[in-house]
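# Structure assessment
Each chain, letter by letter, is given below.
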Amino acid sequence: MAEHDYDLVVRARRAVTPEGERPAAVAVRGGRIAAVLDRGAPASAARTLDLADDEVLLPGLVDTHVHVNEPGRTEWEGFATATRAAAAGGVTTLVDMPLNSVPPTTTAAGLAAKRAAAHGQTAVDVGFWGGAVPENTGPGATGVLRELHEAGVYGFKAFLSPSGVEEFGHLDPDRFRAAAAAIGEFGGLLIVHAEDPRVLAQAPPATGRDYASFLASRPDTAEHAAIALVIATARATGTRAHILHLSSATALPLIAQARAEGVPLTVETCPHYLTIAAEEVPEGATQFKCCPPIRGAANRDLLWAALADGVIDCVVSDHSPSTVDLKRLDTGDFGAAWGGVSGLQVGFAAMWTEAAARGHGLADVVRWMARRPAEIAGLAAKGAIAVGRDADLAVVAPDAAVRVDAAALRHRNPVSAYHGRELRGQVRRTLLRGTEVDPDAPHGRLLARNEG
Ligand SMILES: [Zn+2]
């Protein structure tokens, strides 16, 4: 017999709910939010957590773009380290990308290998994207995508240009359209790395330590052309499409127009595109290399405007680490270095620091980093402090300063584009289904699309 109405009540002077920021008592039963009460409301609970005066209660953040790389490249990252970094950054759900692990998540067997590798070591909840590659999108192979869909992946990632790893090939335009049609048949979601390989091939290759050389090798026109193809494909097939890690603002008018016309299209960008500018990247600082690239300050301002207007839906990390040696920090050669920014743990603080400076509130950051990514991926139990949702919560001190030290971050390899930055927004506690995350006793679950 329950002695109390609730397992836990969290009382906060400031809680960010879908209706906005308010004082609240969030009551938890069986790992779910059972009630959102007035802060002073009487409630019988086994445990009470009273937030300090400088703390705000947020829904746990939802990061739908993380490369965990295990199994196969576990020395780059892994489920234990990535999920601990997530929890330390207020992220309670991540969705793992299908590539850079070996095998990639392009078959049901690949998904099973991922789940087996992750089992028992995740400090937060983890879902999985599948991949659409030449091998599973050819004539007669579309059954593989459906099988993966039914096995619980949240959608399918496709590359329009080379992915950076041999075992995950890109799709040419014809194959891409065929994959979109096949995915649309079962109501799936297609998520796309949108850079056009023909444009990239015509650009001068990146050489040496000069960031401008790298930037010139991945021009805006590559994103623009690829996004035009994604829009045309979504329009023609009716398949829901999601643009991953938008970097170039030149594509925004195209995106805004397509959305206004009802094309089923959503768009994400990343903290590094919003908080760092090309002009600031030091010579040889390959920790800033990612694809598409961090562009100039004027481009960054346009991304912020699109985020404010809702043309960009959400902000996720694209956490894509490698080993230190593959980042070539020793030579600083932008052509040779692995492309990827490790932003999982510091994404919230980086975003909040810049968002606050631009006049946004925490409710905006929560919409971009919790509610919208959950909605786009179909994580119905995640992303909001609302009755019936999982009691995934982050306690943050928005005005507390944090200085980023790459060596102190919890992801596997101590490389960070944010190293040395002074940020605002300290994550003090993270609760997953009503229980505080304990790195030594991980209680994350492996999620599947068809399990709610
Ligand atoms: Zn990525």
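Remember, predicted model here, so these are calculated numbers, not experimental data.

Moving on: the environment of Ala203. Within the secondary structure layout, Ala203 lies in the loop between helix H6 (197-202) and helix H7 (211-217). Residue class for Ala203 comes out buried when judged on its relative accessible area of 13%. For the pair Ala203 and Ser217, spaced 14 residues apart in sequence, the C-alpha separation works out to 5.2 Å.

So, on to helix H9 (residues 252-260). Within the span of H9, buried status applies to Leu252, Ile255 and Ala258. Each buried residue of H9 lies within a common arc of 130° when the element is viewed along its axis, so the set occupies one face. The exposed set on the far side of H9, more than 90 degrees from its buried face, consists of Pro253 and Ala260. Against the buried residues of H9 lie helix H8 (220-237), strand S13 (265-269) and helix H11 (297-309). Immediately beyond the C-terminal end of H9, within one or two residues, lies Gly262, with a positive phi of roughly 90°.

Burial along strand S10 (residues 156-159) is two-sided: Phe156 and Ala158 and Lys157 and Phe159, pointing in opposite directions, are all buried. Alignment of S10 against strand S11 (residues 189-193), held across four bridges, turns out to be parallel. Within S11, the residue paired with Lys157 across the bridge is Ile191. Handedness of the crossover joining S10 and S11 through helix H5 (residues 173-185) is recorded here as right-handed.

Turning our attention to the nonpolar core. Residues Leu58, Phe176, Val230, Leu246, Ile255, Leu265 and Trp368 are the most contacted members of the largest nonpolar core, which totals 101 residues. In this structure Val230 touches Leu160, Phe176, Val192, Ala194, Ala241, Ile243 and Leu265, once residues within four positions along its chain are discounted. Formed by 22 residues, the second largest nonpolar core is a distinct cluster that contains Val62, Met97, Ile191 and Cys314.

Time to look at the coordination of the zinc ion. Protein ligation of the zinc ion involves His65 (NE2), His67 (NE2) and Asp318 (OD), the donor distances falling in the range 2.1 to 2.2 Å. Exposure remark for His67: the relative accessible area of 4% places this residue in the buried category. Using a relative accessible area of 7% as the deciding quantity, one classes Asp318 as buried.

Now for the sheet that holds strand S6 (residues 61-66). In space, the three strands of this open sheet follow the order S6-S7-S8, with parallel pairing throughout. The outermost strands of the open sheet, each flanked by one partner alone, are S6 and strand S8 (125-128). When strand polarity is set aside, the average angle formed by the axes of neighbouring strands in this sheet is 20°. Where strand S7 (residues 91-96) meets S8, four bridges bridge the pair, whose relative direction is parallel. Bridging across to S8, Val95 finds its partner in Gly127.

What follows concerns the side chain of Asp125. Of note, Asp125 is situated in strand S8. Separated by 2.7 Å, the side chains of Asp125 and Lys382 make a polar contact. For Asp125, the contacting residues outside a window of four places in its chain are Thr92, Thr93, Leu94, Lys382, Asp390, Leu432, Arg433, Gly444, Arg445 and Leu447.

Viewed as axis vectors pointing N to C, H5 and H8 meet at an angle of 40°, and their least axial separation amounts to 10 Å. Comparing their axes, H8 and H5 come out oblique. Two packed elements cross with a definite hand, and for H5 against H8 that hand is right-handed. On H8, the residues touching Pro173, Phe176, Arg177, Ala180 and Ala181 of H5 are Leu229, Val230, Thr233 and Thr237. A per-class count over the contact of H5 with H8 returns six nonpolar, two polar and one charged.

With that settled, the discussion passes to unusual backbone geometry. Here Val102 and Pro103 are connected by a cis peptide whose omega angle stands at 5°. Summarising the element assignment, Pro103 is placed in the loop between S7 and helix H2 (108-118). Of note, the bond from Cys291 into Pro292 is cis; its omega dihedral lies within 30 degrees of zero at -5°. With respect to the helices and strands, the residue Pro292 is situated in the loop between helix H10 (271-275) and H11. If you check the backbone angles, Arg328 has positive phi at about 50° while not being a glycine. Topologically, Arg328 is positioned in the loop between strand S14 (314-315) and helix H12 (347-357). We classify Arg328 as partly exposed; its relative accessible area is 31%. The backbone of Arg433 sits at a positive phi, close to 45°, despite the residue not being glycine.

Let us now look at the pattern of salt bridges. Across all of its chains, the model carries 31 salt bridges by this definition. Salt-bridge contacts for Glu280 lead to Arg300; the nearest nitrogen and oxygen are separated by 3.6 Å. With Glu280 in the loop between H10 and H11 and Arg300 in helix H11, the pair connects residues that are 20 residues apart, well separated along the chain. Given the relative accessible area of 40%, Glu280 is considered partly exposed. We classify Arg300 as buried; its relative accessible area is 11%. When the shortest N-O distance is used, the salt bridge between Asp392 and Lys382 registers 2.7 Å. Taken as a pair, Asp392 in the loop between helix H13 (362-377) and strand S15 (393-403) and Lys382 in the loop between H13 and S15 lie far apart in primary sequence, ten residues in all. Side by side, Asp392 and Lys382 carry an identical accessibility label, which is buried. Here the salt bridges share partners, and the residues they tie into one network are Arg32, Asp125, Lys382, Asp390, Asp392 and Arg433.

Parameters and conventions
Residues numbered from 1 in each chain as written. Predicted model: local features only at pLDDT ≥ 70, side-chain atom pairs only at ≥ 80, totals over all residues. Heavy atoms only, no water. Helix = DSSP H or I, 4+ residues; strand = E, 2+ residues; numbered from the N terminus. Buried < 20%, exposed > 50% of the residue type's maximum accessible area, 1.4 Å probe, protein only. Arc of directions from axis to C-beta. Contact = heavy atoms within 4.5 Å. Pairing = 2+ DSSP bridges. Right-handed = clockwise from strand over helix to strand, strands pointing away. Core = buried A, V, L, I, M, F, W, Y, C linked by side-chain atoms within 4.5 Å. Donors = N, O, S within 2.8 Å, 3.2 Å for Na, K, Ca; no water. Axes fitted to C-alpha atoms, helices over the stretch in contact; angles between N-to-C directions. Polar contact = N/O pair within 3.5 Å; in protein donor to acceptor, adjacent residues only side chain to side chain. Parallel < 35°, antiparallel > 145°, perpendicular 65-115°, else oblique. Left-handed = near helix turned anticlockwise from the far one by under 90°. Nonpolar A, V, L, I, M, F, W, Y, C, P; charged D, E, K, R; others polar. Salt bridge = Lys/Arg side-chain N within 4 Å of Asp/Glu carboxyl O.

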